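Observations on the model geometry
These are the residues of each chain, in order.
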Amino acid sequence: EMIPETIDKVRIIREYANEKGLHALNIEVDGGINENNAHLAIGAGANVIVAGSAIFGSKTPSKVIKKIREAEQI
């Protein structure tokens, strides 16, 4: 499961990176990410999402991928 405190950490890291001019810094989130919570990590500043179980454990992986990609647009 995703650890909710991770979102705050991502936000802090992204703010720090932006303050230092490191706009291209990749921030990756892995662990419990799925189509229902990816928007939280993306909204906090993550730009690399690992959703292995959500995709490979799904009967419709292409739909999961589509929903996660749509979260990037929010």
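Residues numbered from 1 in each chain as written. Predicted model: local features only at pLDDT ≥ 70, side-chain atom pairs only at ≥ 80, totals over all residues. Heavy atoms only, no water.

**Some points on the overall build of the chain**
The helix and strand inventory of the chain stands at 4 helices and 2 strands. N-terminal to C-terminal, the α/β element order of the chain is α-β-α-β-α-α. Its C-alpha atoms give the chain a radius of gyration of 13 Å, within 12% of the compact-globule value 11 Å for 74 residues. A principal-axis box enclosing the C-alpha atoms of the chain has dimensions of 40 × 20 × 15 Å. When burial is assessed residue by residue, the chain has 28% of its 74 residues classed as buried. Across the chain, the fraction of contacts at a sequence separation of at least 24, relative to all contacts at a separation of at least 6, is 40%. Summed over its atoms, the accessible surface of the chain is roughly 5300 Å², and 53% of this surface lies on carbon and sulfur atoms. Considering the chain, the positive charge centre built from 9 side chains and the negative charge centre built from 10 side chains are found 7 Å apart. (Helix = DSSP H or I, 4+ residues; strand = E, 2+ residues; numbered from the N terminus. Rg over C-alpha atoms; globule rule 2.2 N^0.38 Å. Buried < 20%, exposed > 50% of the residue type's maximum accessible area, 1.4 Å probe, protein only. Contact = heavy atoms within 4.5 Å. Areas by Shrake-Rupley, 256 points an atom, 1.4 Å probe, with all protein chains shown as cover. Lys, Arg positive; Asp, Glu negative; His and termini not counted. Charge placed at Lys NZ, Arg CZ, Asp CG, Glu CD.)

**Quick word on the pattern of salt bridges**
The final tally for this structure, using the stated rule, is 2 salt bridges. Two residues, R11 and D8, come together in a salt bridge whose shortest N-O distance is 3.5 Å. Taken together, the residues span about one helical turn, with R11 and D8 both in helix α1 (residues 5-19) at a distance of 3 residues. R11 sits in the partly exposed class, given a relative accessible area of 35%. (Salt bridge = Lys/Arg side-chain N within 4 Å of Asp/Glu carboxyl O.)

**Here we look at the confidence of the model for the chain**
The predicted model of the chain has a mean per-residue pLDDT of 94, with 99% of residues at 70 or higher. The secondary-structure element of the chain with the lowest mean pLDDT is helix α4 (residues 61-71), recorded at 94, while α1 shows the highest, at 97. (pLDDT = per-residue confidence, 0-100.)

**Regarding α4**
Turning to α4, its buried residues number three or more, namely V64, I68 and A71. The arc enclosing the buried residues of α4, seen along the axis, measures out at 50 degrees, which places them on a common side. Those residues of α4 that are exposed and angled more than 90 degrees off the buried face are S62, K63, K66 and R69. Packed against the buried residues of α4 are α2 (38-44), β2 (48-50) and α3 (52-56). (Arc of directions from axis to C-beta.)

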